[in-house]
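Breakdown of the fold
So the chains spell out like this:
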Amino acid sequence: MKRLIFTLMICLAAGFTYAQSSPADSTQIDTTTTHKKHVKVKLGFGDDVAQVNVNGPDTAYHAHKAPGFSFGITFSRIDLGFATLIDNGSFTLSQNNKFLSYRQWKTSNFGFDVVQFGYRFNSAFKIYVSGGFDWTHIRLRDDITIQRNAPVLTYVQDSIHYSKNRFSSSYLRIPLSFYYRSHEDDRGNYFRLVAGPEVGILLNGRVKQISDENGKQKFNDDYHFAKLRKGVFVRMGYGIMGLYAKYYFNDMFEDSPAQKGLRNFSFGLTFGF
């Protein structure tokens, strides 16, 4: 997975460099009298990326963001923050979930989008659906091993100490975004607000442990993580950086009654949105 992410980031960075070689939001004047519906293909970093007119060179774009559909390969909405477990409305884990006690400052959420399709109504408002990846890494405090292929989420207490004991899930994320931006200020920046629902499809669960006795170990399983998670998100900020928060309505784990009501809340910084 790390090699896949690294290769993807290199490709997207190359695409961004190529896109930057031609000006985005061109201010050329269209001298033709034929009105065409615009479909724009986007390639680059963030939402405001270089645009390629698939209808040919006769139509140019203006800085005021004309209405129309767009499809893009992108590297945007990069979330980097903390993940928090909420146990039936409480930030304190119940007795059934004490084994999931975690180190808050080392329990993280990371994600980004790689593709999007949407419609812009005007310079201020658009909607789009996108696709990307999302990881949640829970840094466990106790020296335990979450068991694979178990009928419910369970663990064993180990006699060795782990310098790292990480319990992770990875999802394909599919958010539907309602996007608003203010008028540009004197420096060309503007306030952005993006919110909407998000669906996640489980890709994998993993336990990663490091100890003096066993070295580095990785175990993959679904670990009863919800195969389909549903939630909402909000992002707001100024320029290319802002804040985000995400909350999922369904339980983190399924087919494991003791974990009923245990949910995931994430928050932190977002870039390129």
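These remarks concern the structure in this document. Only a predicted model underlies this, so the values are computations on that prediction, with no experimental measurement involved.

Let's talk about unusual backbone geometry
Residues other than glycine seldom take positive phi values, yet Arg77 does so here, at roughly 50°. Tracing the sequence through the fold places Arg77 in strand S3 (residues 68–87). For Arg77, a relative accessible area of 1% translates into the label buried. Although it is not a glycine, Asn149 adopts a positive phi angle of roughly 55°. Residue placement: Asn149 occurs in the loop between strand S6 (144–146) and strand S7 (155–157).

Some points on the nonpolar core
Among soluble globular proteins, nonpolar side chains are generally buried collectively. In this structure, Leu85, Leu100, Ile146, Phe167, Phe225 and Phe253 are the most contacted members of the largest nonpolar core, which totals 20 residues. Look past the residues within four positions of Phe225 in its chain and what remains in contact with it is Phe167, Ser168, Ser169, Tyr171, Leu202, Gly205, Met252, Phe253 and Glu254. Grouped together as the second largest cluster of nonpolar side chains are 6 residues, Tyr179, Tyr190, Val194 and Phe273 included.

Re the side chain of Asn250
Structurally, the position occupied by Asn250 is in the loop between strand S12 (241–248) and strand S13 (262–271). A polar contact of 2.8 Å, which involves the side chain of Asn250, links it to the backbone oxygen of Leu228. Separated by 2.9 Å, the side chain of Asn250 and the backbone nitrogen of Lys230 make a polar contact. Ignoring anything within four residues of it in the chain, the contact list for Asn250 reads Ala226, Leu228, Arg229, Lys230 and Arg263.

Some points on the pattern of salt bridges
Note that side chains of opposite charge can pair when their charged atoms are close. Applying the stated criterion to the full structure yields 12 salt bridges. The shortest N-O distance in the salt bridge between Asp113 and Arg173 comes to 2.9 Å. You can see Asp113 sitting in strand S4 (residues 108–120) and its partner Arg173 sitting in strand S8 (residues 164–181), a full 60 residues away along the chain. The residues Asp113 and Arg173 share a single accessibility class, namely buried. For Lys227, the salt bridge is made with Asp222, and the minimal N-O distance between the two is 3.8 Å. We classify Lys227 as partly exposed; its relative accessible area is 47%.

Notes on the packing of aromatic side chains
The description of two aromatic rings rests on the distance between their centres and on the angle between their planes. Under the defined criterion, the tally for this structure stands at 20 aromatic pairs. Measuring from ring centre to ring centre gives 5.1 Å for Phe82 and Trp105, while their planes differ by 90°; the resulting arrangement is edge-to-face. Of this pair, Phe82 sits in strand S3 while Trp105 is found in the loop between S3 and S4, placing the two residues 23 residues apart along the sequence. Phe82 gets classed as partly exposed once you look at its relative accessible area, which sits at 25%. Geometrically, the ring pair formed by Tyr119 and Phe121 is edge-to-face, given 4.9 Å between the ring centres and 80° between the ring planes. Relative accessible area serves as the criterion here: at 27%, Tyr119 is assigned to the partly exposed category. By relative accessible area, Phe121 is classed as partly exposed at 40%. Three or more aromatic residues link up through ring pairs in this structure, and these residues are Phe69, Phe117, Tyr119, Phe121 and Phe125.

The rules behind each value
- Residues numbered from 1 in each chain as written.
- Predicted model: local features only at pLDDT ≥ 70, side-chain atom pairs only at ≥ 80, totals over all residues.
- Heavy atoms only, no water.
- Helix = DSSP H or I, 4+ residues; strand = E, 2+ residues; numbered from the N terminus.
- Buried < 20%, exposed > 50% of the residue type's maximum accessible area, 1.4 Å probe, protein only.
- Core = buried A, V, L, I, M, F, W, Y, C linked by side-chain atoms within 4.5 Å.
- Contact = heavy atoms within 4.5 Å.
- Polar contact = N/O pair within 3.5 Å; in protein donor to acceptor, adjacent residues only side chain to side chain.
- Salt bridge = Lys/Arg side-chain N within 4 Å of Asp/Glu carboxyl O.
- Phe/Tyr/Trp six-rings, centres within 6.5 Å; stacked < 30°, edge-to-face > 60°.

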